[in-house]
Amino acid sequence: SLSLRHGRLPPPKLCASSADKTQAAAIELRAARAAAADAANAEARLRSMVAAAHKSGEELAAERDAARAELSRAREDLASEREEAAAARALAAADIEALHCQLDDLERLVAAHD
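Note that this is a predicted model, so its numbers are computed, not measured.

Quick notes on the rules
Residues numbered from 1 in each chain as written. Predicted model: local features only at pLDDT ≥ 70, side-chain atom pairs only at ≥ 80, totals over all residues. Heavy atoms only, no water. Salt bridge = Lys/Arg side-chain N within 4 Å of Asp/Glu carboxyl O. Helix = DSSP H or I, 4+ residues; strand = E, 2+ residues; numbered from the N terminus. Buried < 20%, exposed > 50% of the residue type's maximum accessible area, 1.4 Å probe, protein only. Patch = residues over 30% accessible without salt bridge, like charges linked within 9 Å, V, L, I, M, F, W, Y side chains within 5 Å. Areas by Shrake-Rupley, 256 points an atom, 1.4 Å probe, with all protein chains shown as cover. Lys, Arg positive; Asp, Glu negative; His and termini not counted. Charge placed at Lys NZ, Arg CZ, Asp CG, Glu CD.

### Quick look at the pattern of salt bridges
And step 1. Inspection of the entire model under this criterion finds three salt bridges.
And step 2. Between Arg 47 and Glu 43 there is a salt bridge whose closest N-O contact spans 2.7 Å. Linking Arg 47 with Glu 43, this pair stays in helix α2 (residues 12-113), spanning four residues, or about one helical turn.
And step 3. Arg 47 gets classed as exposed once you look at its relative accessible area, which sits at 56%.
And step 4. By relative accessible area, which is 41% here, Glu 43 ends up partly exposed.
And step 5. In this structure, Asp 65 and Arg 64 form a salt bridge, with 3.2 Å as the shortest nitrogen-oxygen distance.
And step 6. Under the relative-accessibility criterion, Arg 64 is labelled partly exposed at 42%.

What follows is the structure in structure tokens.
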């Protein structure tokens, strides 16, 4: 064009168009960076939630194991108490049998004395 040969700048419309494209690209770049930062934050939150869920799972497993151990001890205690009760019943039965024998002996002594 004639204006370019004389060292003039291109018409302002072309400069504005180029500036608009640069500004639009800068806006898109900022938006992309913001989206990337949001994605990174979301990923960090997700990792945190997964870690918390894993920790909760470990805590639940520990509580389950503790409950199982307590149940096992309770069963052992109950079995021991049953054994002790059976032994106590056997001793009581022997004591009752001995008392019956003593009573029989006393009744014979009384009968012989009369």
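Picking up after the structure, the text goes on.
### Re a negative patch on the surface
And step 1. Judged by side-chain charge, Glu 76, Asp 77, Glu 81, Glu 83 and Glu 84 come together as a negatively charged surface patch.
And step 2. Of note, Glu 83 is situated in helix α2.

### A word on a nonpolar patch on the surface
And step 1. Among the surface-exposed residues, Leu 46, Met 49 and Val 50 lie close enough to one another that they form a single nonpolar patch of about 310 Å² accessible area.
And step 2. For Val 50, the position within the fold is in helix α2.
And step 3. Residue classification places Val 50 among the exposed positions, given a relative accessible area of 51%.

None of this, on its own, says anything about what the molecule does.
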